[in-house]
Amino acid sequence: MNTLLLVMISIVAGLREVSAQDAECVRERAAMVETIRGYARSHGVFGQQKPSERVLEAMGQTQRHLFIPERSCSIAYADMPVPIGFGQTISQPLIVALMTQLANVAPDDVVLEIGTGSGYQAAVLARLARNVCTIEIIPQLAEAAAKTLRELAYDNVNVRRGDGYAGWPECSPFDAIVVTAALGQVPQPLIEQLRVGGRLVMPVGPAYTTQQLTVVEKIGPSETTTRVVGLVRFVPFTRSPD
Ligand code: SAH
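What you see is a predicted model, and the numbers here were worked out from it, not measured in a lab.

Procedures and definitions
For every chain, the first residue of the written sequence is number 1, and numbering continues from 1 along that sequence. A pLDDT threshold of at least 70 governs which residues receive local features in this predicted model, and a stricter bar of 80 or more applies before side-chain atom pairs are shown or counted, although totals over entire chains, interfaces and linings include all residues. Working from all heavy atoms in the structure, the side-chain values ignore hydrogens and water. Here, a disulfide means two cysteine sulfur atoms that sit within 2.5 Å of each other. A run of DSSP states H or I qualifies as a helix once it reaches four residues; a run of E qualifies as a strand once it reaches two. Both are numbered from the N-terminal end. Burial classes: relative accessible area under 20% of the type maximum marks a residue as buried, over 50% as exposed, and values in between as partly exposed (1.4 Å probe, protein chains only). Within 3.5 Å is the distance limit for a polar contact, defined as a pair of N or O atoms, with the added protein rule that one can donate a hydrogen and the other accept it, and that residues adjacent in sequence qualify only through two side-chain atoms. Any residue with a non-hydrogen atom lying within 4 Å of a molecule or strand is treated as near it. Only the protein chains shown count as cover for residues, and all accessible areas are computed by the Shrake-Rupley method using a 1.4 Å probe. Note on pairing: DSSP must find at least two bridges between two strands before they are called paired. The handedness rule is simple: strands pointing away from the viewer, and a clockwise path from the first strand over the helix to the second, make the crossover right-handed.

Before going further, it helps to examine the state of the cysteines. Cysteine pairs can be linked by a disulfide, which is a covalent bond between their two sulfur atoms. Using the criterion set out here, one finds two disulfides in the structure. Disulfide partner of Cys 133: Cys 171, at an S-S distance of 1.8 Å. What sets the handedness of the Cys 133 and Cys 171 disulfide is the S-S torsion sign, and at about 60 degrees it is right-handed. With a gap of 38 residues between them, Cys 133 in strand β4 (residues 131-136) and Cys 171 in the loop between β5 (157-161) and β6 (174-179) connect regions that are remote in the sequence. According to the relative accessible area criterion, Cys 133 is buried, its value standing at 0%.

A few words now on the environment of Arg 195. Along the polypeptide, Arg 195 turns up in strand β7 (residues 194-204). Note on Arg 195: relative accessible area 37%, which makes it partly exposed. When the C-alpha atoms of Arg 195 and Lys 218 are compared, they prove to be 7.1 Å apart, with 23 residues separating the residues in sequence. Polar side-chain contacts of Arg 195 include one of 2.9 Å to the side chain of Asp 175.

As a structural note, the neighbourhood of the ligand is formed by 26 residues, with Ser 118, Glu 136, Asp 163, Gly 164 and Thr 238 the closest of them. In this structure, Asp 163 approaches the ligand through a side-chain N or O atom, which is 2.9 Å from a nitrogen atom. Protein contact buries 98% of the 580 Å² of open area that the ligand shows by itself. The set of elements that each furnish at least two residues to the shell around the ligand consists of β2 (88-90), β3 (110-114), α5 (120-126) and β4.

What follows deals with the pairing of β3. The buried fraction of β3 is high, at five of five residues. Side-chain alternation along β3 places Val 110, Leu 112 and Ile 114 on one buried face and Val 111 and Glu 113 on a second face that is also buried. Both β3 and β4 contribute to a ladder of five bridges, which runs parallel. Counterpart to Glu 113 in the pairing with β4 is Thr 134. Read from β3 through α5 to β4, the crossover connection turns out right-handed.

What follows is the structure in structure tokens.
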């Protein structure tokens, strides 16, 4: 057998493996969406609002298993957080859906995410928005997420490495901001970079315990309203030493 044939056989085998896994994941991803729908119905976590079909569709289309280290369908689509290395986790699907719903993203929106992690939440947002800018403080995670998003052709996501506290002025103003790490207060630069009429969703509270999932709406150039949606537990928002 010549080398070219061997290469071709292994490419075909590789493709088959990926598509078999994807086919399996289609079922598990659909089950995940039903779990979110059912949970929202019975526990009312989404409040008066139901999760919108747009958000559920984005969750149903985003291949969560390709954002986690093991790429396992059963682990990826269970309703639980998954470790992604460096002591960080990707939130459970229900929380991703809830935060996405609260961000209330329209097709022409520009969204900022602080805490890229695996890139999964950014990918879900990218299906709903025009543009997503996302910042990750751990260089290895920022690089891995940028690679995954590039390979999956999420062309409307920009990943930056750094401390997200100061936001991303060049990418602003934002229609929505999603912060996926916990801090005692909302960073003022993020409020400044939010467009009037925009929303910021963030776990506010101390590290290593529960925090209040908070929605801040900017109702005027220097006016906001704040509401608490429920209790959550997120990894800490860390600050860069410089
Ligand atoms: N949204 C991610 C999961 C977030 S975990 C996903 O979908 O996979 C929270 C992430 O926030 C971690 O990766 C952590 O390194 C990052 N983080 C913590 N403090 C940060 C800061 N100041 N700026 C940017 N990222 C930060």
